[in-house]
Amino acid sequence: MLGFKAGLEIHQRLATSRKLFCRCPAAVGEEEPHGTLTRKIRAVAGELGHVDPAAAFEAARGKTFHYQLFPSSSCLVEQDEEPPTELNSEALEIVLQVSKALGARVLDEVHVMRKTVADGSAVSAFQRTALVAVDGKLETSQGFVGIATVCLEEESAGIVEKTLGQSTYRLDRLGIPLIEIATDATLKNGAHAREVAEKVGGLLRSTGRVQRGIGSIRQDLNVSIAGGARVEIKGAQELRDVADLVDFEAKRQQSLVGLHASVRRRGFLGLAFSRPVDVSNVFAGAKPFFSKPLQEGAVALAVKFMHLGGLLGQELIPDLRFGSEVSDYAKAKTGVKGIVHSDEDPSKYGLTSADFDTISLALDCGSNDAWAAVVAPENVAVPALKAAFDRAYLLEVPKETRRAEGTGSRFMRPLPGAARMYPETDVVPVPVAGRMLSKIPLPKSLDERKADYVKLGLNTELAEKMVHSYDWPLFDQLCRQADPKTVAWVLLDVKPQLRRQGVNVEMPDSRWKDVLALYAAGDVTRAALPDVVQFAVQNPAAALADGVREKKLQRVTGKPLEVLAAFLNHDFGQIMRLHRLTVDASELRTLLASKRP
Amino acid sequence: MPYSRDVEEGLKKIKAQPGDRVRVKSKKQVFEGVLLPKPELGASASNLILKLDNGYNVGVSAKGARLEKREGSVALEKFAEWVPDARSELPKLSLVATGGTISTRVDYQTGGVYMLGEPKELLAKVPELSDVANIHRIESPFRKATEDMDHSDWQRLAQEVVKELNSDSQGVMVTMGTDILHYSAAALSFMIQDQNKPVVFTAAQRSPDRGSFDGAMNLLCAAQFAKSDCAEVSIVMHGTSSDDYCLANVGTKTRKMHTSRRDAFRTVNAQPWAKAWPDKPPHFLRRDYKKRSDGVAKADVRFESKVAHVKPWPGASGELIDFFVKKKYHGIVVEAWALGHVPATAKHSWIPSIQNAVEKGVTVCFTSQSLYGRVHPFVYANLRKASFAGALYLEDLLPETAFVKLGCVLGRTKNPARIRELMLANLAHEYNDRLQQADFLG
C-alpha cells in the first residue's frame, strides 16, 4: 500500500517487589475495595504553554471519576495525596537490561516526566514516564527494525465501569512499573508487526523479571498510509490480533480516502451546521430504548447530511461502517449512546421505512443526501449531532487514538501532541553512570537457557517450550522444590489444561511452591497435582493440607498401602483404577514385587 | 545552578539560549531538541537538558560534544492571561493573592515549583469562577512562600483586607501557601475589628500545573462562601479527599493536620462554620457567627514580635524558659503535655523558671501538645504548681492560635491584668466553652 508506515509500542508490566514511585506491592490483588474517592480532572497548560488537545477534549466532557481503594495495594501516592518516592531502582535496572539487549543507547541522565492523561486513568491526571534509551535494533526475518525509544513508566488505573459522564477505576494497578518499547515506523505489514511483537515479548520474558497473566503485556500500534494520518490503536492484548489490526487499519484509511473522493465528486464545497429539526413524533413509536427517554423529556433531533447519501452505510473494513465512525465522535464527545442514520435498517429500531421517509421529507433530503438523528436531552442532542456532522465532513483521515476491538478498532479521542509532557518536579533526575550500566548483565540467550534445561533433564521439546514460557522464572524457582520434569509438566501441561477448563490458574509464586513442596514431601502423588493446583487457585486463603484432606487426596503409602493392597488382592490394575490419585504406581509396583513368592 | 563552565562557553559560542533548538553531537550519539535551563536539583552540571520532539526531557552529556544551533526556537513560559468576564449582575468579590502552591507553576530554574505566578494566571485556570462571582479586583500586597512570612506580612495583609472590606466588594478571598495558613487566619481574626463581610482564606495542596489541581474547587467554594452572610475569618479547603465539598473552617480553630492531603485543614475542638460547595450556597453547620453588616471594618495591627512558642520534650529543662527571659521576650506559649504538664518535681523542673519569668513580667501561657481537649490547671498536683507559679491556662486554645493571640494582645497592652483578661476572653471564637463528641477528630 502506498506510503504504508507502521510502528509498534509494547508495554509490559515489570515483576518488581514495589511499585515505581511508592512502596505498595506491584501486584494486582484479589482484594475487595475498601473505599472510594471521587475526583474531577481539569485541562492544564503544558510546559510550553499549550493546552494539549486530547486533554482539553477530555476535560470538556466534565467527567467525574471514582477511584476504588484497596487495603494493601494503594496508598496516598496513588491517590495523589502524597508526593512520589524516588524512582524504583529495581525497575530501572530491568529497563537498562532490556535496553542493552536491544543495543539501545542509554541516556546519561534519566528525567521523569508527567504525561498529561485526562481520561481519569491516573488520579493525578498525569502518568509518570521517563525516557531511558534510544536507537536500538531488533533482528527480524525482514531485516533490522529500529527501536526508537525504551521508556520506564507507571501503569494506569484499571477501568471498572464507564457510564455517561462517570468512570470508575481501581487503584491497585496504578503505578506498577511498565516498560514501553517503541519501534520506528518501518514495519512492513501486519505479519511483520506480529513477528516483532513476538520477538520483543520473548526478549522481555528472557529477563525473567516481567509479570505474567492477563493484561500484563499489551501492544499499541501506529499506522498511516499516504493520504491518511497517524492513528494509534491502543490495547491489543492478543498477539494473534496484531497482524489484522495493522492491516485493517491501513485498509480503513484507504477506504476513507476513497470515500472522501466520492463526496468531493458529488460537488461538496463545504457546509455550515444548521439547526436540527425535531423528529420526536417519528421516534415516539420506536423501541422503548428511544420512546422511553422521549417520555422523560428527551427530544429526537435530526440534521441533513448533504451529499452523503449511501456513504454512511459504506463498510470501511469488515464490521465497521462510516456511519459508526461518525457516531463514535458523537458518543465520545457527548456521551450519547449512538446516532441513527438514513443508511440503516429502520426495523432495527422498531421503525418503518415510511418513518425514515418522513424524516427525509422533514429535512428536505434529495437522493444524494443522508441524515443523522439522535435521541437525548436537547442540550446533549445538539452538540452530539454537531460532533457527528463535523466528523462526517472532515474529509480527511483524522489523527486519532483508537481502541482495539478484536481485529478492528473504534475511536477513543484525538491523538495527543507532544505538549502533553512536562517535568515531574517531585523526582530528581537519575544519572545513569557508565559503571552502573556496565554492571548490569545481559539476559541469557534462549539457546543458553535451553541448554541449561536439557542439563536439568528436560527433553529438547520441553526445554524449547519452557524457554518461551512466561513461567520460566517460576520454573527455575520451583526446581528447588521438586524434580524438574514434574515441575515442567505442571507448568506446561497441567496449567494450560486447567485454563482450558475455565480455571484461572494464576496464583502467587509462594503458593506454587507450597503445592510442589507437598508433592516433594510425599504427601500427595504426582497424579493428584492437577487437583491440588485447582484447589490452591480456587481457595486462595485456605491451607493446602485442609484441601488435601477435604478432597481425600492424601497419599496412601507404607503400611496403609500394604493393607489396601492386601484388601484388593494385590491386584495392581484394580488398585490403580480405584485409587489412581492417592497411590503412587511405582511404590505399589515395588510393594507387589516384594509380596510375590 | 548554571551549567558547568565548559558547557556555558559552548552554548555562548553558538549563541544558544534556553528555548533555542540545539543539536548535540558526540562520538557515540546525536541528540536534537529545545534547550531547557538547568534545574537546580539533581541534574549534573555537564549534562544539557533537552526537550526532544517526542516531548521527553533528557540529560545529554555535553563533554567533548559538538554543539550546533538549529532553526526552530520556541518561546518558553507562555501562559494564558485571565480576562475577567463582565458579569455585573454577580456579587463583586476582591481577591488578595499572596503566593503559595495555589499560585505556582513549573519552574525550570530549580526543577521545582515556582511560587510567584501572576494572580491572573491562576484565575485563568478556573474560568468557572466567573459564573460564581465577579472577581472585580485582584490585589497582591506581597508574594512569598508562607514559610518566609512573619507578623509584618500579617499586618500588611490585614490592612489590605480591611481596605477591601470597606470597598464595594461583598467579600474578600485571600490565597496563600498552606504551611502557616492557619496562623495567618488567626492573625487576621484578631487584627480585623468590627468585621462586616466574609474574609475567606483558601489555598491548594496540589499545584495548578496538574489536572488534579485541588485549588480550583477550593476557589469556587471560597467564592461561594465569600458571598454568604458569615462576617468571620474562615479557611475554606477540601472537606474530604474527594472533590465533593469544602469545609469553611473557623479562622482561630484550624490546624494543618496532614503534610500533603487535600483535606489537611481541620477545625479542632469545634465545628466548622459550614460545608461549602462549588456550585451552590454553603450549608451552615453552626449559627453563632457574626452576620454581614453595613459597618466599617478597622484594622488593629499592633503585634509584639518578642513572643516564643516552646515545647518540652522528656528530660527538657526549664533553661529553655530562662533563655527567652534573658533575651527579653514578653510572652511565651508553652505547648505542654496533655492537661498542661511540664517537668515539675524532677531536678530539671520548669517551675522555678516559670515563676522567675512571671516575676520578670513575662506572660507565660499553657496549651497542649494533645491539641484536642482542654488544659486544666488543677487536676494533678504538678499542674497546680505551674498554675501557682503564674502561668495562664488557655483552655482549648490551639498552640498556634495562642502564639498569634499573645502577639496581638501584647502589642496592645503590657498591663498584666489586662493581658490576662484579654488572653482569657473569647475574642474571635478561639475558645469553645462546651466541647462535644463531634468536636474530636472531625
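To be clear, the structure that these remarks concern was listed above.
Residues numbered from 1 in each chain as written. Chains lettered and ligands numbered in written order. Predicted model: local features only at pLDDT ≥ 70, side-chain atom pairs only at ≥ 80, totals over all residues. Heavy atoms only, no water.

Undergrad: Which parts of the structure should I look at to understand the pattern of salt bridges?
TA: Two side chains bearing opposite charge may form a pair once their charged atoms approach each other closely. If you walk through the whole model with that rule in mind, you get 73 salt bridges over all chains. One salt bridge in this structure joins arginine 206 of chain B and glutamate 81 of chain A, with 3.2 Å as the shortest N-O distance. Taken together, the residues arginine 206 of chain B in the loop between β12 (199-202) and α6 (215-226) and glutamate 81 of chain A in the loop between β3 (64-69) and α2 (89-101) connect one chain to another. Taken as a pair, arginine 206 of chain B and glutamate 81 of chain A share a single burial class, namely buried. (Salt bridge = Lys/Arg side-chain N within 4 Å of Asp/Glu carboxyl O. Helix = DSSP H or I, 4+ residues; strand = E, 2+ residues; numbered from the N terminus. Buried < 20%, exposed > 50% of the residue type's maximum accessible area, 1.4 Å probe, protein only.)

Undergrad: What am I meant to see in the sheet that holds strand β14 (residues 277-278) of chain A here?
TA: By definition, the strands of a sheet pair up through backbone hydrogen bonds, in either a parallel or an antiparallel sense. All names here are of chain A. The 4 strands lie next to each other as β14-β15-β19-β18, forming an open sheet whose pairing is antiparallel. Two strands in the sheet have a free side with no partner beyond their single neighbour: β14 and β18 (340-341). Strand contacts of helix α9 (residues 378-392): β15 (299-305) and β19 (370-376), with the helix running at about 20° to β15, the strand carrying the most contacts. (Pairing = 2+ DSSP bridges. Contact = heavy atoms within 4.5 Å. Axes fitted to C-alpha atoms, helices over the stretch in contact; angles between N-to-C directions.)

Undergrad: Help me out: how do you make sense of the sheet that holds strand β22 (residues 363-368) of chain B in this one?
TA: All names here are of chain B. With respect to topology, 4 strands assemble into an open sheet ordered β20-β21-β22-β23, the strand pairing being parallel. Among the strands making up the open sheet, the edge pair consists of β20 (307-310) and β23 (392-393). In this sheet, β23 lies alongside β22 in parallel orientation, the contact comprising 2 bridges. Residue phenylalanine 366 lies in a different strand from β23, and its bridge partner there is tyrosine 393. Here helix α10 (residues 399-412) sits on the sheet in contact with β20, β21 (331-336) and β22, set at roughly 165° to β21.

Undergrad: Honestly, the packing of helix α18 (residues 559-567) of chain A against helix α20 (residues 585-595) of chain A in this entry has me stumped. Any pointers?
TA: Residue and element names in this part refer to chain A. For the pair α18 and α20, interaxial distance at closest approach is 11 Å and the crossing angle is 65°. As judged from the angle between their axes, α18 and α20 are roughly perpendicular. The two elements α18 and α20 meet at a crossing, and its hand is right-handed. Across from Leu561, Glu562 and Ala565 in α18, the residues of α20 making contact are Glu587, Leu588, Leu591, Leu592 and Lys595. Taken together, the residues that form the contact of α18 with α20 break down as 5 nonpolar, no polar and 3 charged. (Parallel < 35°, antiparallel > 145°, perpendicular 65-115°, else oblique. Left-handed = near helix turned anticlockwise from the far one by under 90°. Nonpolar A, V, L, I, M, F, W, Y, C, P; charged D, E, K, R; others polar.)

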